[in-house]
Amino acid sequence: MQVSPLIWTLTIVFILALLAFDFIFHVRKAHIPTLKEAAIWSSIYIGIAVVFGLGILVFGGPGPGSEYFAGYITEKALSVDNLFVFLIIMASFRVPREDQQKVLLFGIVFSLIARTAFIFLGAALINSFAWVFYFFGLILLLTAGNMLKPKKDDEDEADNFIIRLAKKVLPTSEHYDGDKLFTIENGKRVLTPMLLVMVAIGGTDILFALDSIPAIFGLTQDVFIVFTATAFSLLGLRQLFFLIDGLLDRLVYLSYGLAVILAFIGVKLVLHALHENNVPFINEGEPVPVVEISTGLSLTVILGVLIVTVVASMVSPKGKAHAAISGARRHATDYVDLEYTADQGERNRIFAKLVAEEEAIKKLQPKYRQWVRNEDELMALLRRAHEEHDASLAR
């Protein structure tokens, strides 16, 4: 699809304007978004992405339009999976609820920068070396296999080398000072955990880009479509986090669905590479007559797998059990930590969720109950949360 420099410029300006608007009107002043606010703005950003896709469909034709929507849906699904890691990182660093928006917006901006760099690098490689399709396909197949491995414990996710090095080499405070990156402690200028969590988010964003960019290049090689589908999948991710915060733990089969999608796109890339082959040691450098997967079929498979994955997760007893156990642990920890939030309305919301999750745990069948790690420790944490709540009511 031919796109003029003017359209490129207007698109980039529009995306930057949306980010600036998000910061000035929603993030600059620390606050906790309500469910209504998150739902409205998530819908607006998704609506903008859909309208933009319809514009590509009308002016570019059904081929580019289908490629855009396939790329957007895939990147959006991968972004939701990224939210799991963001949630773990912010929980590990005990980021105050009021400041989580700023951390997420930083992650989105950094992610957009990293992905843009990888997009143009990937496009340059594809134009110069046909073997890159094989390489991208292999990356996706390996990533799909890695997604099927058991997850690490939550505590290990944010404890990466950069963070450990920063804590050892640089003076770091154990406490937040609003959303400041530096603060004064005992007369010395030190880092706050806010800077460290942004480093952790930025580091994981680079790893996410290594997975997501080959995935979308497997659906289209049009750089404009790759860039816009990626950018619009990231915009609104902050609002989506607060909208589906309580549902993240329920999506127990999402990683399996994404593994299927990435493996499917990986196979599509390899077939395309064989069809365009000029690698000397494969078929003597000649194209291999293979069936190529159409964009329409790709879009159907992606949508079908995601629908099955989400529905299966929501109705699964395993999903309900996992959500109750992990949610109770997280909400009890949040409630007893006044540094996390001192806002009484937010504390009441957290406690109400905690009570509901406790009731769900009591009703768990024995085979699901055994998933509770360190049950005595969890029960002690829940009792402490109830004691804190009773004390707050007495005051």
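Everything numeric in this text was worked out from a predicted model, so none of it was measured.

Participant: Can you lay out the side chain of threonine 220 for me, pointing to particular residues and giving the numbers?
Facilitator: Locating threonine 220 in the fold gives a position in the loop between α8 (193-217) and α9 (223-234). Looking at threonine 220, its side chain comes within polar contact range of the side chain of glutamate 67, at 2.8 Å. At 3.1 Å, the side chain of threonine 220 forms a polar contact with the backbone nitrogen of aspartate 222. Once residues lying within four places of it in the same chain are set aside, the contact partners of threonine 220 are Glu67, Ile225 and Val226.

Participant: Which residues make up helix α13 (residues 317-336), and what values go with them?
Facilitator: Across its 20 residues, α13 extends 29 Å between first and last C-alpha, which sits within 8% of the 28 Å expected from 1.5 Å per residue. The element α13 is largely enclosed, with a buried count of 15 among its 20 residues. The backbone nitrogen of lysine 318 lies 3.0 Å from a side-chain oxygen of the residue at the head of α13, namely serine 316.

Participant: Just give me the short version of the pairing of strand β2 (residues 188-191), but keep the residues and values in it.
Facilitator: Direction of pairing for strand β1 (residues 182-185) relative to β2: antiparallel, over a ladder of four bridges. In the sheet register, phenylalanine 182 faces β2, and the bridge partner there is leucine 191. Taken together, β1 and the strand that follows it, β2, pair antiparallel across an intervening segment of two residues, in which asparagine 186 is found at a positive phi of about 55°.

Participant: Could you give an account of the packing of helix α4 (residues 100-128) against α9, with specific residues and numbers?
Facilitator: It is the contact of α4 with α9, at a shortest axis distance of 10 Å, that shows an interaxial angle of 165°. When the axis of α4 is compared with that of α9, the two are roughly antiparallel. The handedness of the crossing between α4 and α9 is right-handed. Residues Ile108, Ser111, Leu112, Arg115, Thr116, Ile119, Phe120 and Ala123 of α4 pack against Val223, Val226, Phe227, Thr230, Ala231 and Leu234 of α9. Tallied by class, residues from the contact of α4 with α9 come to ten nonpolar, three polar and one charged.

Participant: Explain a nonpolar patch on the surface to me, using residue names and the numbers behind them.
Facilitator: Judged by side-chain polarity, Ile46, Val50, Leu54, Leu57, Val58 and Phe59 come together as a nonpolar surface patch covering roughly 580 Å² of accessible area. One can find leucine 57 in helix α2 (residues 35-60). According to the relative accessible area criterion, leucine 57 is partly exposed, its value standing at 34%.

Participant: Account for the side chain of serine 233, with residues named and values stated.
Facilitator: Along the polypeptide, serine 233 turns up in helix α9. A residue is classified by how much of its surface remains accessible, and serine 233, at 1% relative accessible area, is buried. Apart from the residues within four sequence positions on either side, serine 233 is in contact with Tyr72, Glu75, Lys76 and Ser79.

Participant: Summarise empty space enclosed by the protein; cite the residues concerned and give the values.
Facilitator: Summed over the entire model, instances satisfying the criterion amount to four cavities of 30 Å³ or more. Of the volumes computed, that of the largest cavity is approximately 110 Å³. Along the walls of the largest cavity sit 15 residues, with Leu87, Gln100, Arg330, Asp334 and Tyr340 positioned nearest its centre. At the level of elements, α3 (62-92), α13 and α14 (344-362) are the ones that each hand at least two residues to the lining of the largest cavity. The residue inventory of the lining of the largest cavity, partitioned by class, reads six nonpolar, two polar and seven charged.

Participant: Can you explain the layout of surface pockets? Please cite residues and give values.
Facilitator: Its volume calculated, the second largest pocket comes out at about 400 Å³. Contributing to the lining of the second largest pocket are 14 residues, with Lys76, Ala77, Val80, Leu240 and Val310 lying nearest its centre. Elements represented by at least two residues in the lining of the second largest pocket include exactly α3 and α12 (295-315). Sort the elements by how many residues they give to the lining of the second largest pocket and α3 lands first, with five residues. A breakdown of the residues in the lining of the second largest pocket according to their chemical character gives 13 nonpolar, no polar and one charged.

Participant: Which residues make up the pattern of salt bridges, and what are the values?
Facilitator: Counted according to the given criterion, the structure contains seven salt bridges. Residue arginine 97 pairs with glutamate 346 through a salt bridge whose shortest N-O separation is 3.3 Å. Of the two residues, arginine 97 sits in the loop between α3 and α4 while glutamate 346 sits in helix α14, which places them 249 residues apart along the sequence. Like glutamate 346, arginine 97 is buried. Between glutamate 359 and lysine 362 there is a salt bridge; the shortest N-O distance is 3.5 Å. With glutamate 359 and lysine 362 both in helix α14 and three residues apart, this pair spans about one turn of that helix. Residue classification places glutamate 359 among the partly exposed residues on the basis of a relative accessible area of 38%. For lysine 362, a relative accessible area of 61% puts it in the exposed group.

Participant: Explain the packing of aromatic side chains to me, and be specific about the residues and the numbers.
Facilitator: For the coordinates displayed, the defined rule picks out 20 aromatic pairs. Taken together, a centroid distance of 6.1 Å and an interplanar angle of 40° make the contact between phenylalanine 52 and phenylalanine 224 tilted. One end of the pair, phenylalanine 52, is in helix α2; the other, phenylalanine 224, is in helix α9, with 172 residues separating them in the sequence. Feature note: the residues Trp8, Phe14, Phe52, Tyr68, Phe69, Tyr72, Phe120, Phe224, Phe227 and Phe232 constitute an aromatic cluster, connected by ring pairs. Above the plane of the ring of tyrosine 335 lies arginine 347, whose end atom (NZ or CZ) is 4.1 Å from the centre.

Participant: Could you give an account of unusual backbone geometry, with specific residues and numbers?
Facilitator: Although it is not a glycine, arginine 94 adopts a positive phi angle of roughly 55°. Relative to the helices and strands, arginine 94 is located in the loop between α3 and α4.

Definitions and limits used
The numbering scheme is per chain: residues are counted from 1 as the chain's sequence reads. For a predicted model such as this one, the threshold for reporting local features is a pLDDT of at least 70, and the threshold for listing and counting side-chain atom pairs is 80 or more; totals across whole chains, interfaces and linings nevertheless cover every residue. The side-chain values count all of the structure's non-hydrogen atoms but skip hydrogen atoms and water molecules. For the purposes of this entry, the term helix denotes a DSSP run of H or I that reaches at least four residues, the term strand denotes a run of E that reaches at least two, and both are numbered from the N terminus. Pairs of N or O atoms are called polar contacts if they sit within 3.5 Å, as long as, within protein, a hydrogen donor faces a hydrogen acceptor (for residues adjacent in sequence, only side-chain-to-side-chain pairs). Only heavy atoms enter the contact rule, under which two residues are in contact if any of them lie within 4.5 Å. In a helix, the anticipated span is given by 1.5 Å times the number of residues less one. A simple rule labels every residue: compare its accessible area, found with a 1.4 Å probe on the protein chains alone, to the largest value its type can have, and call it buried under 20%, exposed over 50%, or partly exposed in between. Strand pairing follows a simple DSSP-based rule, namely that at least 2 bridges must link the two strands. Between N-to-C directions, angles cover 0 to 180 degrees, with each direction set by a line fitted to C-alpha atoms, over the stretch in contact for helices. Note on terminology: angles under 35 degrees are roughly parallel, angles over 145 are roughly antiparallel, angles of 65 to 115 are roughly perpendicular, and the others are oblique. Each crossing gets its hand from how the near helix is turned against the far one by less than a right angle, where anticlockwise is left-handed and clockwise is right-handed. Here the term charged refers only to Asp, Glu, Lys and Arg, the term nonpolar to Ala, Val, Leu, Ile, Met, Phe, Trp, Tyr, Cys and Pro, and the term polar to all other amino acids, Gly among them. Patch membership requires more than 30% relative accessible area and the absence of a salt bridge. Residues of like charge join within 9 Å; the nonpolar side chains Val, Leu, Ile, Met, Phe, Trp and Tyr join within 5 Å. Note on areas: these come from Shrake-Rupley sampling with a 1.4 Å probe, and a residue is covered only by the protein chains present in the view. Whenever a carboxyl oxygen of Asp or Glu lies within 4 Å of a side-chain nitrogen of Lys or Arg, that contact is scored as a salt bridge. Lining residues are those with an atom within 4 Å of a point, where the points come from a 1 Å grid over the protein atoms alone and group into cavities, where a 1.4 Å probe fits but cannot get out, or pockets, open sets with protein on both sides within 12 Å along at least five of seven lines. Grid points are joined across faces, edges and corners, and a volume is the space filled by probe spheres set on the points. Stacked, edge-to-face and tilted are the three classes for Phe, Tyr and Trp ring pairs, Trp counted by its six-membered ring, which pair at centre distances within 6.5 Å; planes under 30 degrees apart are stacked, over 60 edge-to-face, the rest tilted. Two limits define a charge over a ring: the Lys NZ or Arg CZ must be within 6 Å of the ring centre, and within 35 degrees of the ring normal.

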